[in-house]
Every structure is written in C-alpha cells, then in structure tokens.
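A closer look at the structure
Okay, here's what each chain looks like letter by letter:
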Amino acid sequence: MQLDAKIPAGPLREKWDRHRFELKLVNPANKRRFRIAVVGTGLAGASAAASLAELGYDVDCFCIQDSPRRAHSIAAQGGINAAKNYQNDGDSIWRLFYDTIKGGDFRAREANVYRLAQISVDIIDHCVAQGVPFAREYGGLLDNRSFGGAQVSRTFYARGQTGQQLLLGAYSALMRMVDAGKVAMYPRHEMLDLVVIDGHARGLVTRNLVDGTIRSWAADAVVLCTGGYGNVFYLSTNAKASNVTAAYRCYKRGAGFGNPCFTQIHPTCIPQRGEYQSKLTLMSESLRNDGRVWVPRKPGMGEVDPASIPEADRYYYLEERYPSFGNLVPRDVASRAAKKVCDDGLGVGPEVLGQRNAVYLDFGDSIRRLGQDAIAQRYGNLFEMYERITAVSPYKAPMQIYPAVHYTMGGLWVDYNLMSTIPGLHVLGEANFSDHGANRLGASALMQGLADGYFVIPYTLGHFLASSHRGKIDTSHPEFARVEGECRDRTKRLLSLRGKRPVDDLHRELGHIMWDHCGMARNPEGLRKALGLIPELRERFWREAAVPGAGEELNPWLEHAGRVADFLEFGELMCRDALERDESCGGHFREDHQTKDGEAVRDDERFCHAAVWEYQGDDRPAVRHVEPLAFENVKLSTRSYK
Amino acid sequence: MTTDILRTTIAAKVTMALSGAGLVLFALAHMAGHLQVFGGREVYNHYAETLQGLGAIKWAVRAGLLGILLVHVRAGVLLSQRNRAARPQAYALRRLQRTTTHGRAMLLTGVAFLAFILYHLAHFTLGWVHPQFFHAVDSLGRPDVYGNFVRSFQHPLITITYLGASLAVAMHATHATSSLLRTLGLSHGRFRRACEAAGPVVGVALLAGFACVPLACLLRLIQP
Amino acid sequence: MRVQFRIWRQNGPGDANAGFKEYPLQADEHMSLLEALDLLNAELIRKGETPVAFEHDCREGICGACSLVVNGVPHGPRSATTTCQIHMREFREGETIVLEPWRARPFPVIKDLVVDRSAFDRIMSAGGYVSVRAGAAPDANAIPIGQPTAERAFDFAACIGCGACVAACPNASAMLFVGAKVAHLAILPQGKVERTRRVGRMVERMDTEGFGGCSNHGECEAVCPKSISLDAIALLNRELVRAAVVED
C-alpha cells in the first residue's frame, strides 16, 4: 500500500494557495460529462454534493434516511470554530491551527490542519449568506463564545442547535441543486459496496430500503461522507442508523483505514438508566463552566440523597487533581477521571450490570452565587432537556453525568486531496481520518465537515478528473454484476438467519466488549481478551441471530443486521490498532503508558505516525502500514492541564 | 414570475378572507340598522324608507353582496373539498388540542346561515312569511316595517329561528374574523393577540346585537 | 409497568388487511416510548412474529424522523416534545397506548407506522434556499442583522421537518412547515432577494403535493415539537400577498 500524502511543497502558509494553482482544472463545458456519486448527506456530503453540482458536475447523491436533512450532523449542539478574530482577542489562523494540532495530541498532519484553519473563515461567510441564523450581538454583528477550553472566543453558534442550522443550510444548497437538475437525490438508499475496476473506484452498489432493489451506479468518482463508527459501542451519542458499513466495505475493497482506535468520549452525557437503554444523550460541555463535578468520598453511597452528604464527604476530584483547569479539563481527561472514580466504587446513579456509572455535576454553588435566574438564562434549555429525559430538575438536585462515545477521529485514510488509497474514492468529514489526530477539539467537527465539502473537494476532485484519463464505463461492465451478486448473496445470507436472538442483543454484547476493553482506558491484556471475544461473538451472530422479514420490502432489521455484521469485523480491527499503538495519546489512553498521576504518556519516537490498515482477506490479518508525521512548524510538547 | 400565484390555495383563502371581511362588515352594519328598532316606529320606518329610497345604489349594493357571497361560498366549497381529500383515511383516535367548536363548525354554520338568508329574504324583503304584516302601512303611509318586525318576533318559532341564526352568524364570524386577519398576513408578532381577540369581540357583538331585537319583541319589551 | 399497545399494522401502501393489533408489554417507567417498542419488537422477533416498523434515528429530538400519533396526538402527550423523548412514565399502569402513523394523502404509509414524507423535500427544492454559490459570499459581518431579527428568524428556522403539523391539522395542511421556511428566509436580508419567487414556487409545490389549506385551527402549533408559532402562517400569507402585488 502506497501512502503518499501528496503534501504540497513550500512553507505551511503557502501550501494550499500553491496547491490550488497547481491543481488541474476541468474545462467548464466538460464538467457535465462527469458523474459523481456522493454517499451521505451530513455536513460533508450535502455541502460536497451541492458545491460539485454548482460547478457543473452531475451528481448522484445517496442517503439512508428518509430525507437528506436528517443526517446526524443535525444533532451537533455547541458550535463551529473559525479564526475570524472578530473578538480582537488574539485569535489567528495560526492559533487555530496550533490549538487543533495540540488538541489532537500531535497525531494529525500539519498541512491538513493548517488548511482547515485557513478555510474556517470562508465557511462562516458562506453559511451566513445561506441564511444560517447565527447568534448575534445587539449591534447586529456575529457573536462568539469560548468553547471546549479554548482561550479565545472563536466559536460561532446558533443557540444549542448549531449543527442543525448548518446542516439545514447545506441541505438547502443541495435542494437548490436538485431543483436545478444537477443533483439526483436518492434517499432511503444504502451503499452496500464499492465497485473498483482496474484499481479505480468506478461506482457503487446500493439497496433501496423501501423495496429492497439492489442496483449499481457507475461514477467517475465516488465521494464517501458516511460519518463515524461510534455505534460499534452500541451505546453512543450517535443516531441509531449511524454505521461503519460504507467505509468498511471500501476498506475491504482496498482503501486503507487510518487510526481506527481513535475514538472520542464526551464527558457530559446522561448516564445509562438500564440495560434497555438504546442510546445516550449528550449534554453540552458548556455546563462544566458553572457546574462542579463530584462523587461521595466513601464507596457505597450511590443511593444516598446527595443533599444529605456534607461538604467534607464530597470528592471534587477534578478540582483536586487539576487545580489550574479544574472542572474545565479537556474532554478525554475529564472522561477518564469519571471512569476512574466509578471503577473505584464511588459512582452514583442507577446500578447497571453491578456498577453505578455516574458522577454529580452540581449547580448548587452557582445557583447560590449567581441566583437561579442567571443559571436559568445560561442553561435553561439544557436543564429542561435533562429533566425531560430523567424527570429530575437540576435546579433541585445535582445532575448525574457520565462519559459516552461521541465521535471517531479514525476513518479511511486520505491524502491531502482527500483521496483514499483507491484512486477515485474520496472521503470527507468524520468518515476520514484526517484532521483531528488522536482527539478532536469542541466545535471542530462541523468546521471540518464543511471545509471538506464546500472548499476542498471542489478543487481536488477536479484535479483528479482532469488528470486521470480513463474511458467511460457504465453498469454493463461485468464487475458491477459481480459486486451486485456479492451484495445479493450477503443479503440472502442475512435473511436466512432464523435464530432466536434479536440482532440488537448481539449488538449490545459487542458494545460491552468494546466499552470494557477498547473504551476510555485500554490495556494490552484487555485488548487481547477482546480480540478473543469478538470473533467468538461474530461466529455466534451468524449462528444465533434472527433476521425477520423479507428482502423486497422496508426491513429495518435486515439493515441493522448488515451493519452489525460489519461492526463485528470492524471492532476487531479497532482493538488490533489499539493494541499495536503502544502509547497513550489523546482519546487513546493506554493504562500501561501513564505517569504516576495517571496522565497520558506519548511515545513520539515510535508512534509519531498514522497507522493505516490494509485488508488482506477474511482469513488473513490486516497489515499495518505507517504514514510518518513530520512536525516542521510546531514543537511536540506534552499536554498538561495541571 | 414563473408561478401563477392567483391559482394557489392561499390565493383562494385570501379571496375567502376578503369576501368574508366584506360580509362581516355588512353584518355589523346590518345589525346597527336593526338596533334602531329600539328608537321606535318613527325612527325605524324612516330608516327603512331611506334605504328603500336609495334606488340604483340599493340594487348595486345588493348585487355586490350577492357577488361577494357567491365568491365566498365558491371558495369555501373548493377549499373544503380539497381539505377533505387531503386526508382520505381518518384517524381511529384523534384528540384535538386547540381548535374550537366554532372553528370546527364553519361549514355547518355557513350552510345553516345560507339557508337562513333565504328565509330572511322571504320574510322581510319579499314578504312571503306574513303578507298581512308586510303590506301594512304606518300613519304617514310608509310601509310599516317596524310593525311587521315587532309582530313577527312575538311569534316564538320565528324568534327561535332568528336566535339560532344569530348564534350561527356569531360563531361563524368569531372564527372568521381572527382567521381572516391571519390569512391577510396581519396576525403575527405583537399584533397577534389583538387579532385573535378581534374574533370573539365581533362574535359577541353580533350575537348580542342580533339576538337582543327578537328577544325584546318576544318579551314584549317592544310593542308593535 | 404493564401497558397494552394498540398499533396500526400495514404491510405496504395498498394493504387491504391493514388494521390495529393489540400487544401487551411489561415495560419500565424510565424507558422511552421507543425503547418500549424496541422491547416489544425483540419479543416479537423471539416469537418469530413480524416486528413493528417505525421511524426513528437521533432519539434526541432533533432529526425529525420519529413520527407517531400517540393516543390521538402527533408526538404524544407532552408538548414541545418529539415522540422519541416521550417516556413511559407519561402513561398510566395498564393504559392502552394507541399508535398510528401520520395520516395525510401526501404522506402515504410505507409500512406500519412509517410514512413517506418526501413531499417536504420537493417543497424545499422549489425554493427553500438562498441561491449562493460556495465561494461567492461576502464577509460574514458585512451585513449587520439586529439581534431580535436573528432570533426571530431562528424561531422559524428551528423546524425539524417532522410533519407533525400536517398530521395534526384537520385539513392535513403543510402551511406551518412551508411558512416556517418562508418566514425564516423572508426575515433575513440574505433571503429577501428571492422572496417573491420563493413563496410562489413553494406554495405551488405544496398545492401540487395535495396538502390541504389552512383553516386556522392552530392544531399544528399545539403539537409542533419545536413550538413554531402560527405567525409562520401569517407571514407566509403576507409573503404570498406581497408577491401578488409587488413587482420585483
């Protein structure tokens, strides 16, 4: 596997400019001769499909939801970063670049991240022009807030629904191109496989989720924007339909998978209530600005009314362990600390599978200091949301929170042009591995998705099309029939599963394995155990699962079974990656690589690289390749929040 | 403009609102006219004679009203057909949250009132109901509209009919007034509360204004 | 807690045998309604019966996928709340919970409780956008927008496109949905340029799809999980009247 990142030469600041000049262009009259398939309609997919169509390409766009507007980008709450420096508080492109590289624990490519910071300003301009109602100051100019521990206010936001508003903006651009006849939109279509001909991505196979039709689509390039794989843990903040299938199928067709073990755990989610729980809900990180995190000092106090626990018996573990950052330590640090106190038996909240996995986030002090009205003004809608779900008012009792899987930094490996190791297959947004390294900063996911879709792919895809002279093919090429046949066989095989266990059950089991051994804290022993348990579970899946219904109808259980089957293979890859990365970095915390105080210890000598996995067939282990990361502009330092 | 705005359902609603507004205004004016019956025979018969004396203007107003009514009814029929077609399968269970009885009864009160208008015309304009009262004259030789009016309403069945019609028109106008203000795009932001209050105000006024006259006659508060 | 589900079952759009079926279930009061349905489906799968198809995705009230008429009310008993955020504690022990799909001609049933809402996408493609190419925008602060104006636009932009307004309307009207988008864009300076064309095309598309008209019952506002105000409809009407009389 060749891992040429194609990073342009020259000083960091000039790379993207220079590259844009060097990229080949497609003659305007020729653009309509190219057909592009865009899979997924989140921020990356919708923006890519819209902007490619605006340029004149013919786009086929697919999503699994009933409408492109429902992609899970819609649920992002916090905001979107941009180096506008509207607050005059010392922000700059360089500072956003530096913060992102450092936040990612030095496991991302400098050139990509710098470009992301450069483009960030254009995104805000574009979204405002689309009619996105960002928060404003009374003077009519855009408001910003500081987010995720950043020391400058560079986050643009639209109440607690920034993702929704940005996605609706991208969706409106997409719908405009549908109206113009340049995008053919196919909702309720799931990509089942990639068609690779002569080493190039030349199309895909989909299943129509309403009538079950499996069919092929030829394309001059495929743009994959299918999001992250957090649902491998079963419980996550992802939407129920979020899955790894499209990306994993591409991996099996030869696309390298980068850093699969890099997952982000968000520290403030509503804890699991019972085993029936189907998903977790995130509470905005901003709550940590005024809430104090604590647990009882003594174990076995999980059921005691928190109001009756005297101050001296409360363990404010973040404030005690991290005196300077206190409750505002970064996501990964806060999450691990919560896990540690719960594992030590100090947890509170409902007991699930023998352990209480929650800590208090207490607003009592803030309410006493600032008054209930001030707190209601800041967090009223979040408190309401919390009460709606838990039936407990945070004004009266402390919130219970616990970390939950939230985002996956790993994804298909792409070069500077966002092209995977399969020529013609481009990967955007959370589905690729590129910009966040080992940990993503708050308000950066929206920025990356839109940067990729609006402002990177329109240039780099043109270059690819202009420079790769390949003949036209259509779906009559025998390879399409072959891949379609494989998809049909696989669907048939799933439908023939007439065991007794609902797929949901088996998915939960996988989730337990992943969470216990490849979650917030990992160690070689646990990972090896998981590597034994997953194949065994996979085998049981194909023996015990029950998939009801037929293939020629709307069949959500068939869809889910296909996705879980892929998670059952992919989980193993994650664990192998976590085992091989013999260091701690960002969201990947290895208990065998920590300081005495429990802080992560990186190994830059051996692991300052991206790990890229190459599929070798079902019966042979995947091969690990390495893309070394060169840091020419920033100095590798140790993150410290003490 | 690539679309024909005048063919849209909203345009039909606006037509309905404008014609409805005309009808509400007429109803209010008509009501004010009737209230003059409390002024006695002289005032009322003079008023009736003045109206009759308008000649061509009277006929123009009548034709205009008829036209407005036809436009209103036609738009109403088309829209309600469309509305019914939009939900071919009804819910087995549906708990309405907000709508009112008068809001739901628009078609019913509209049709009932339409039937009443025919009766009303036969009663007071054509004189088919009580020809003996209708053709009476007062001391000045004018048609004794006052006498016809008061004697008619001493008949309980007639009064009940008119009371029913007053209720129907009041219900219809209550929903219609607030509704038309929204349809004309006025009921939003800080004007919304006023617009929503306008319906009940008009409705109550119409009910009181129309009902008090036959009731007063029935209770012999006004004598022929 | 024990409840009795009474669920609409329908195998495809033209199923002549469609109708209600009853299912008893032992649920937990802290479960969400959809988790109770998950549990019911798991039981049905174990028994070899066909599980109930229903639409859901984010399960945190923002994607707009979930769409159940619960005991006669779209999105169920709690105001300003989507179906996915209803919990079993909202129901009584032993209660019969009736579940129906959205019912409207433009929303044909695909299966059980799942309907086809693509009519909404077609309405949006008729004009629910600002025509701006990526790369063409001026600086974001070039046009100041008053804070109250931005907030008002947001109130309408908050629509999640779930279709509860249509489901609740006695006329199956889509005016609140269309009005929310038209109002959002008509309020902002960026959207004003295309306002005439937008409102005409979107309303025309809405009519073609077969939605009913607005009779100002207010049912849509009562069930809207995002509390979109009826003002959206007033503004939609105003925009259409404006488009009829004002020449661009």
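**Details of the pairing of strand β11 (residues 263–269) of chain A**
Residue and element names in this part refer to chain A. Judged by how many residues are buried, β11 sits mostly within the fold: 7 of 7 residues are covered. With 5 bridges connecting them, β11 and strand β17 (residues 399–408) associate as antiparallel partners. Bridge assignment links C269 to a residue of β17, and that residue is Y402.

**Considering the packing of aromatic side chains**
Residues and elements named next belong to chain A. All chains considered together, the criterion is met by 46 aromatic pairs over all chains. On the basis of an interplanar angle of 15° and a centroid distance of 6.1 Å, the ring pair of Y379 and F383 is categorised as stacked. Of this pair, Y379 and F383 both sit in helix α10 (residues 372–390), separated by 4 residues, roughly a single helical turn. On the basis of relative accessible area, Y379 is assigned to the buried category, the value being 4%.

**A closer look at the sheet that holds β17(A)**
Sheet strands line up and pair through hydrogen bonds in the backbone, either parallel or antiparallel. Residues and elements named next belong to chain A. Across the sheet, which stays open at both edges, the 5 strands sit in the order β11-β17-β16-β12-β13 with antiparallel pairing between neighbours. Here the strands that pair on one side only, and so sit at the sheet edges, are β11 and β13 (314–315). Alignment of strand β16 (residues 359–362) against β17, held across 3 bridges, turns out to be antiparallel. Each residue of the ladder has a partner; that of Y360, found in β17, is Q400.

**Side note on the pattern of salt bridges**
Opposite charge on two side chains allows them to pair when their charged atoms are near. This model, assessed by the stated rule, comprises 88 salt bridges over all chains. Residue R159(A) pairs with E151(C) through a salt bridge whose shortest N-O separation is 3.0 Å. Note that R159(A) is positioned in the loop between β4 (155–156) and α5 (162–179) and E151(C) in helix α3 (residues 147–157), a pairing that runs across two chains. Judged by relative accessible area, which is 29%, R159(A) ranks as partly exposed. With its nearest N and O atoms 2.9 Å apart, the salt bridge here joins E536(A) to R540(A). Of this pair, E536(A) and R540(A) both sit in helix α14 (residues 524–544), 4 residues apart, which is roughly one turn of that helix. One connected set of salt bridges, linked through shared partners, spans R501(A), D505(A), R508(A), E509(A), E536(A), E539(A), R540(A), R543(A), E544(A) and R46(C).

**Considerations on the sheet that holds strand β1 (residues 35–39) of chain A**
Residue and element names in this part refer to chain A. With respect to topology, 5 strands assemble into an open sheet ordered β5-β2-β1-β9-β19, the strand pairing being parallel. Both outer strands of the open sheet, β5 (183–186) and β19 (425–427), are each paired with one neighbouring strand and no more. Averaged over all pairs of adjacent strands, the angle between their axes in this sheet comes to 20°, without regard to strand direction. The strands touched by helix α11 (residues 445–467) within the sheet are β1, β9 (221–224) and β19, with β9 carrying the most contacts at an inclination of about 155°.

**Remarks on the interface of chain C and chain A**
How large an interface is tends to be reported as the accessible area lost when its parts come together. Each partner contributes to the interface: chain C provides 74 residues, whereas chain A provides 70 residues. Between chain C and chain A, a total of about 6200 Å² is buried, with carbon and sulfur atoms accounting for 54% of that surface. Our count for the contact surface shared by chain C and chain A stands at 9 salt bridges. With a shortest N-O distance of 2.8 Å, D179(A) and R201(C) are connected by a salt bridge. Across the contact surface, chain C and chain A share 41 residue pairs in polar contact (both at pLDDT 80 or more). Among the elements of the structure, α1 (33–46), β6 (109–111), β7 (114–115), α2 (118–125), α3, α5 (175–187) and α7 (195–209) of chain C are those that each provide at least two residues to the side of chain C that touches chain A. Of the residues that constitute the side of chain C that touches chain A, the class distribution is 36 nonpolar, 18 polar and 20 charged.

**Some words on the interface of chain B and chain C**
Contact residues are listed per partner, giving 39 residues for chain B and 56 residues for chain C. Contact with chain C buries surface across chain B, with I10(B), Y91(B) and R182(B) losing the most and accounting together for 16% of the total. At the surface where chain B touches chain C, the tally comes to 31 residue pairs in polar contact (both at pLDDT 80 or more). Every element with two or more residues in the side of chain B that touches chain C is listed here: α1 (9–35), α3 (56–85), α4 (101–104) and α8 (156–183) of chain B. Along the lines of polarity and charge, the residues of the side of chain B that touches chain C split into 13 nonpolar, 16 polar and 10 charged.

**Regarding the domain arrangement of chain A**
Residues and elements named next belong to chain A. Here chain A is described as being made up of domain 1 (266–405) and domain 2 (478–607). In this structure, domain 1 and domain 2 have C-alpha centres spaced 30 Å apart. In this assembly, 13 residues from domain 1 lie in contact with 11 residues from domain 2. When the two sides are added together, the surface that domain 1 and domain 2 hide from each other amounts to roughly 940 Å², 57% of it contributed by carbon and sulfur. Seen at the junction of domain 1 and domain 2, the total is 0 salt bridges. The interface formed by domain 1 and domain 2 holds 3 residue pairs in polar contact (both at pLDDT 80 or more) in total. Of all the elements, helix α8 (residues 331–343) adds the most residues to the side of domain 1 that touches domain 2, at 4 residues. The class makeup of the residues in the side of domain 1 that touches domain 2 is 6 nonpolar, 2 polar and 5 charged.

**A short note on the pairing of strand β7 (residues 200–208) of chain A**
Residue and element names in this part refer to chain A. The element β7 is extensively covered by neighbouring structure, given that 9 of its 9 residues are classed as buried. As paired strands, strand β6 (residues 189–197) and β7 are joined by 8 bridges and run antiparallel to one another. The residue bridging V196 from the neighbouring strand is A201, located in β7. Remark: 2 residues form the turn of the hairpin made by β6 and β7, two consecutive strands paired antiparallel; D198 in that turn has positive phi of roughly 50°. Relative to strand β8 (residues 214–218), β7 is paired through 5 bridges, and the arrangement is antiparallel. Its bridge partner lying in β8, G203 is registered against A218. As consecutive antiparallel partners, β7 and β8 are separated by 5 residues, and within that stretch G212 has a phi angle of approximately 80°, a positive value.

**What about the side chain of T41(A)?**
All names here are of chain A. Mapped onto the elements, T41 comes out in the loop between β1 and α2 (43–55). By relative accessible area, T41 is classed as buried at 2%. For T41, the side chain forms a polar contact with the main-chain oxygen of P68, separated by 3.0 Å. Leave out the neighbours within four places in its chain, and T41 touches A46, C61, F62, C63, P68, A71, L167, L174 and M185.

**Brief notes about the environment of K339(A)**
Residue and element names in this part refer to chain A. With respect to the helices, strands and loops of the structure, K339 is situated in helix α8. Through-space distance from the C-alpha of K339 to that of V183 is 46 Å; in sequence the pair is 156 residues apart. When sequence neighbours within four positions are dropped, the list of residues in contact with K339 reads Y402, M520 and A521.

Parameters and conventions
- Residue numbering note: each chain is counted from 1, following its sequence as written.
- Written order decides the labels, with chains lettered from A and ligands numbered from 1.
- Residue-level local features of this predicted model are given only where pLDDT is at least 70; pairs of side-chain atoms are given and counted only at 80 or more, and the full residue set underlies all totals for whole chains, interfaces and linings.
- Derived side-chain values reflect all non-hydrogen atoms in the structure, with water molecules and hydrogen atoms excluded from consideration.
- Between buried and exposed lies partly exposed: a residue is buried under 20% and exposed over 50% of the maximum accessible area for its type, with that area taken using a 1.4 Å probe on protein chains only.
- Secondary structure elements are defined from DSSP: runs of H or I of at least 4 residues count as helices, runs of E of at least 2 residues count as strands, and each element is numbered from the N terminus.
- Between any two strands, at least two bridges found by DSSP are needed for them to pair.
- For Phe, Tyr and Trp, where Trp contributes only its six-membered ring, two rings pair if their centres lie within 6.5 Å, and the inter-plane angle classes them as stacked under 30 degrees, edge-to-face over 60, or tilted in between.
- A side-chain nitrogen of Lys or Arg and a carboxyl oxygen of Asp or Glu constitute a salt bridge if their distance falls within 4 Å.
- Lines are fitted to the C-alpha atoms to define the axes, a helix being fitted only along its stretch in contact, and any angle between axes, read from their N-to-C directions, falls within 0 to 180 degrees.
- Throughout, a contact is declared for two residues whenever any of their heavy atoms are within 4.5 Å.
- Note on definitions: buried area is the accessible-area loss of two parts on being combined, 1.4 Å probe, summed for both.
- In protein, a polar contact requires one atom able to donate a hydrogen and another able to accept it; more generally it is a pair of N or O atoms within 3.5 Å, and residues adjacent in sequence count only if both atoms are side-chain atoms.
- Any residue that is not Ala, Val, Leu, Ile, Met, Phe, Trp, Tyr, Cys, Pro, Asp, Glu, Lys or Arg is counted as polar, Gly included; the first ten are nonpolar and the last four charged.
- Residue ranges assigned to the domains are those given by an automatic or database domain assignment.

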